[in-house]
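Working through the structure, step by step
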Amino acid sequence: MNEPISQALIVYLSGGTSPWPRKDPAALAKSLGPEQAAQVLPTLDALADEMLNIPVNWENHTLESGTAQAVTEMRARYPDLTGEALHELGRYYSYNWT
């Protein structure tokens, strides 16, 4: 992972004009251009999906502490992601928690 992937992830998950975090391919294409967006989209989807699939023992965690645990796990797996990118992954995770 590197800074461009982190920045793309922030754009992709920040929700654009939406009040909640979500995958936003249109915002990504607007920011990077359609060709570059198409190149990084599989990586961004994989990161977002991996985040949602981190196991958390919900008997021992609140949404806040479970999200923090998932962010910590992603930080360990991908140390090159920026703090802001990890923050957006955490927002996406907590909003999509079920």
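Residues numbered from 1 in each chain as written. Predicted model: local features only at pLDDT ≥ 70, side-chain atom pairs only at ≥ 80, totals over all residues. Heavy atoms only, no water.

Turning to helix α1 (residues 3-13), a few remarks are in order. Residues Ile5, Ser6, Ala8, Leu9, Ile10, Tyr12 and Leu13 constitute the buried set of α1. The inward-facing, buried residues of α1 contact α2 (25-32), α3 (34-52) and α5 (83-95). (Buried < 20%, exposed > 50% of the residue type's maximum accessible area, 1.4 Å probe, protein only. Helix = DSSP H or I, 4+ residues; strand = E, 2+ residues; numbered from the N terminus. Contact = heavy atoms within 4.5 Å.)

On to the side chain of Ser6, then. Locating Ser6 in the fold gives a position in helix α1. Looking at Ser6, the relative accessible area reads 0%, which means it is buried. A distance of 3.0 Å separates a polar side-chain atom of Ser6 from the backbone nitrogen of Thr82. Apart from residues no more than four positions distant in its own chain, Ser6 is found in contact with Asp80, Leu81, Thr82 and Ala85. (Polar contact = N/O pair within 3.5 Å; in protein donor to acceptor, adjacent residues only side chain to side chain.)

Once that is clear, we can look at the pattern of salt bridges. For the structure shown, the criterion picks out six salt bridges. Lys23 serves as the salt-bridge partner of Asp45, at 3.3 Å between the closest nitrogen and oxygen. Highlighted residues: Asp45 in helix α3 and Lys23 in the loop between α1 and α2, separated in sequence by 22 residues. Given the relative accessible area of 22%, Asp45 is considered partly exposed. Since its relative accessible area comes to 25%, Lys23 is described here as partly exposed. With its nearest N and O atoms 2.8 Å apart, the salt bridge here joins Arg77 to Glu73. Remark: Glu73 and Arg77 occur in helix α4 (residues 63-77); sequence separation between them is four residues, near one turn of the helix. Looking at Arg77, the relative accessible area reads 37%, which means it is partly exposed. Exposure remark for Glu73: the relative accessible area of 31% places this residue in the partly exposed category. (Salt bridge = Lys/Arg side-chain N within 4 Å of Asp/Glu carboxyl O.)

Applying the stated rule across the entire model yields one aromatic pair. With centroids separated by 6.3 Å and ring planes inclined at 10 degrees, the aromatic side chains of Trp20 and Tyr95 adopt a geometry described as stacked. Remark: Tyr95 occurs in helix α5 and Trp20 occurs in the loop between α1 and α2; sequence separation between them is 75 residues. The exposure class of Tyr95 is partly exposed, given its relative accessible area of 47%. (Phe/Tyr/Trp six-rings, centres within 6.5 Å; stacked < 30°, edge-to-face > 60°.)

On their own, these measurements won't tell you what the molecule is for.
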